[in-house]
Amino acid sequence: MGTAAVVFGSLAAVCATIGGLTAGGIIPLLLPEFTWMFWLIMSGVLFLASIAFSTARRGGGGEE
């Protein structure tokens, strides 16, 4: 699960970078659907997935 968290976190960082570059006008739109808003929302979803994988590997549980 830790490897999945790292992979999803890395993908989220890449999506955030692409979103920032698209919003700043540094790189053009790849397709009309892939706007800066798409990339930043995708980044947020992937960050949430990495958090879920990161906390799932700890095993949780209230009993000691």
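Conventions adopted
- Residues numbered from 1 in each chain as written.
- Predicted model: local features only at pLDDT ≥ 70, side-chain atom pairs only at ≥ 80, totals over all residues.
- Heavy atoms only, no water.
- Helix = DSSP H or I, 4+ residues; strand = E, 2+ residues; numbered from the N terminus.
- Expected span 1.5 Å × (residues − 1).
- Buried < 20%, exposed > 50% of the residue type's maximum accessible area, 1.4 Å probe, protein only.
- Arc of directions from axis to C-beta.
- Contact = heavy atoms within 4.5 Å.

Enquirer: How would you explain helix 1 (residues 2–23) if you had to name every residue and give the values?
Expert: Relative to the 32 Å expected for 22 residues at 1.5 Å per residue, helix 1 spans 31 Å between its end C-alpha atoms, a close match to the ideal helical length. Within the span of helix 1, buried status applies to A5, G9, A12, C15, G19 and T22. Taken down its axis, helix 1 places every buried residue within 150 degrees of arc, on the same side. Residues of helix 1 that are exposed and angled more than 90 degrees away from the buried face: T3 and V6. Where helix 1 is buried, its residues meet helix 2 (36–56).

What is shown is where atoms sit, not what they do.
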